[in-house]
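These are the residues of each chain, in order.
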Amino acid sequence: RFRPASDDRDSVTSDNPRENTEMAEQGFTLTSPFFREGAFIPRSHAHDGEDFSPRLDWMHPPKGTRSFVLTLESADAHPHPMTHWVLFNIPAAASSLPQRAANAGVPGRNDFQKDGYTGPFPPANHGDHRYFFTLSALDVDSLPLEKGARREEVEREMEGHVLGSTRLIGRYKRGNEAKQHRDQR
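A brief report on the enclosed structure follows.

The rules behind the values
Residues numbered from 1 in each chain as written. Predicted model: local features only at pLDDT ≥ 70, side-chain atom pairs only at ≥ 80, totals over all residues. Heavy atoms only, no water. Pairing = 2+ DSSP bridges. Helix = DSSP H or I, 4+ residues; strand = E, 2+ residues; numbered from the N terminus. Phe/Tyr/Trp six-rings, centres within 6.5 Å; stacked < 30°, edge-to-face > 60°. Lys NZ or Arg CZ within 6 Å of the ring centre and 35° of its normal. Salt bridge = Lys/Arg side-chain N within 4 Å of Asp/Glu carboxyl O. Buried < 20%, exposed > 50% of the residue type's maximum accessible area, 1.4 Å probe, protein only. Core = buried A, V, L, I, M, F, W, Y, C linked by side-chain atoms within 4.5 Å. Contact = heavy atoms within 4.5 Å.

## Focus: the sheet that holds strand E8 (residues 162-172)
In space, the 5 strands of this open sheet follow the order E6-E4-E3-E7-E8, with antiparallel pairing throughout. Pairing within the sheet leaves two strands with one partner each, and these edge strands are strand E6 (106-107) and E8.

Here's what the structure looks like:
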């Protein structure tokens, strides 16, 4: 969909050589204190729950990062993946988004015709669905787009400006709250 700004997108540097080695080994990562990679997303963050965005934290963005873009996509939606969240022009100084991240960045329009976050909401009795939180580091301060821009517009403006991306995958299944709670431990 878009291409990196340079082939050097994975390099991370600091004035401290030891820190360079540690950061390069760790790389650009995205995590949440509410669910681990591949685990169930708590119902409070789902559309059939309280429907608020989870806290997200990231470390070691690529050198030269001037802003971020975040998307959330349901990879298993039928007949095509669904965009649940588009957030762009997140300042480079940020290293996290709080829960209910209403004032962080500029919200884009999701596939539910809403600006901002709409949590997981797979069809009942449809099994686990995977949800991909993708954070991209850009080499520009901001994208020339207004609130409500569609994901396709955001990705078009990102072309040639992506320094690197990181992803966190969570799962959700409607009607399976007891199992989801056990998996969080």
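## Quick word on the packing of aromatic side chains
Across all of its chains, the model carries 4 aromatic pairs by this definition. Each residue in the set Phe28, Trp58 and Phe68 is aromatic and connected to the rest through ring pairs, giving one cluster. Between the NZ or CZ atom of Arg100 and the centre of the ring of Phe52, over which it lies, the distance is 3.8 Å. Above the plane of the ring of Phe40 lies Arg171, whose end atom (NZ or CZ) is 4.2 Å from the centre.

## Notes on the pattern of salt bridges
Applying the stated criterion across every chain, the model contains 10 salt bridges. A salt bridge links Asp141 to Arg66; the nearest nitrogen and oxygen atoms lie 3.1 Å apart. On the criterion of sequence distance, the pair formed by Asp141 in the loop between strand E7 (129-138) and helix H2 (151-158) and Arg66 in the loop between strand E2 (56-59) and strand E3 (67-74) is long-range, its members being 75 residues apart. The partner of Arg150 in a salt bridge is Asp111, with the nearest N and O atoms 3.1 Å apart. Here the residue Arg150 occupies a position in the loop between E7 and H2, and Asp111 occupies one in the loop between E6 and E7, the gap between them amounting to 39 residues.

## Focus: the pairing of strand E4 (residues 82-91)
Among the 10 residues in E4, 8 count as buried, and that is most of the element. With 7 bridges connecting them, E3 and E4 associate as antiparallel partners. By the bridge assignment for E4, Glu73 is matched with Thr83. The pairing of E4 with E6 spans 2 bridges and is antiparallel. Its bridge partner lying in E6, Leu87 is registered against Pro107.

## Let's talk about the nonpolar core
Core analysis: the largest hydrophobic core is formed by 24 residues, its most contacted members being Trp58, Leu70, Trp85, Leu97 and Phe133. When residues in this core are grouped by element, the largest group, 4 residues, is from E7. In contact with Phe133, other than residues within four places in its own chain, are Leu30, Phe35, Ile41, Pro54, Leu56, Thr71, Leu72, Trp85, Thr166, Arg167 and Leu168. One finds Val69, Phe88, Val140 and Val162 within the second-largest nonpolar core, a separate group that totals 11 residues.

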